[in-house]
Amino acid sequence: MHFTGDPGYHSKCRCFYLNHEYTVSNRGEALAGKLYTFRAKPERMALLEEMGTDLVSLANNHIYDYGEAGMLDTLSYLDQAQIPYVGGGRNIGEAGRPI
């Protein structure tokens, strides 16, 4: 199945799993020497909720683009939105917990 342009498409999915290729934060500095860094404003979290995101992967090369502050903010915003995540966390236990 592929995206059809139907805005209700995601509501037909059993699990909408998103690769979170950016931090959600207004804090932190872009990592020095990194060619591409990605960050979204916190108000953009509403888009994940609107899409019906069920689960987010943080296991990628951009979750730390804005350092520890950016990553921790991202985790807090996902927690506030009650969107579970895998592949990252505040410590090894949280990063490896089952959902």
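In this text, all values refer to a predicted model and were calculated from it rather than measured experimentally. (Residues numbered from 1 in each chain as written. Predicted model: local features only at pLDDT ≥ 70, side-chain atom pairs only at ≥ 80, totals over all residues. Heavy atoms only, no water.)

A. View of the overall build of the protein. Broken down by element type, the protein carries 3 helices and 5 strands. Scanning the protein from its N terminus toward the C terminus, one meets helices and strands in the order β-β-β-α-β-α-β-α. Taking all 99 residues of the protein together, the buried fraction comes to 35%. (Helix = DSSP H or I, 4+ residues; strand = E, 2+ residues; numbered from the N terminus. Buried < 20%, exposed > 50% of the residue type's maximum accessible area, 1.4 Å probe, protein only.)

B. Just the sheet that holds strand β5 (residues 85–86), in detail. On the basis of which strands lie adjacent, the open sheet formed by 3 strands has the order β1-β4-β5 and parallel pairing. Strand pairing shows two members of the sheet lacking a second neighbour, β1 (17–19) and β5, which therefore form its edges. One ladder, built from 2 bridges, connects strand β4 (residues 55–57) with β5; its direction is parallel. By the bridge assignment for β5, Val56 is matched with Tyr85. (Pairing = 2+ DSSP bridges.)

C. Focus on the environment of Ile83. Following the sequence through the fold, Ile83 ends up in the loop between α2 (67–80) and β5. A relative accessible area of 3% means that Ile83 is categorised as buried. Filtering out sequence-adjacent residues up to four positions away, Ile83 remains in contact with Met45, Leu48, Glu49, Thr53, Leu55, Val56 and Leu78. (Contact = heavy atoms within 4.5 Å.)

D. Geometry of the pattern of salt bridges. Counting across every chain of the model gives 4 salt bridges. The salt bridge partner of Asp65 is Lys34, with a shortest N-O separation of 2.3 Å. Residue Asp65 is located in the loop between β4 and α2, and its partner Lys34 is located in the loop between β2 (23–24) and β3 (39–40); the two are separated by 31 residues in the primary sequence. Among the residues examined, Lys34 registers a relative accessible area of 29% and is labelled partly exposed. Among the ionic pairs, Arg90 bridges to Asp79, the shortest N-O distance being 2.9 Å. Here Asp79 lies in helix α2 and Arg90 lies in the loop between β5 and α3 (92–95), a separation of 11 residues in the sequence. Under the relative-accessibility criterion, Asp79 is labelled partly exposed at 37%. (Salt bridge = Lys/Arg side-chain N within 4 Å of Asp/Glu carboxyl O.)

E. Structural detail: the nonpolar core. By size, the foremost hydrophobic cluster in this structure holds 14 residues, and its most contacted members are Met45, Leu48, Val56, Leu58, Leu78, Ile83 and Tyr85. Of all elements in the fold, only α1 (45–50) and α2 reach the threshold of two or more residues within this core. Take this core: its biggest share by element is 3 residues, from α2. The contacts of Tyr85, once residues within four sequence positions are left out, are Leu55, Val56, Leu58, Leu75, Leu78, Asp79, Arg90, Glu94, Arg97 and Ile99. (Core = buried A, V, L, I, M, F, W, Y, C linked by side-chain atoms within 4.5 Å.)

F. Spatial organisation of the environment of Ser76. Residue position: Ser76 is located in helix α2. Ser76 sits 51 residues away from Ser25 along the chain, and the two C-alpha atoms are 9.7 Å apart.

What is shown is where atoms sit, not what they do.
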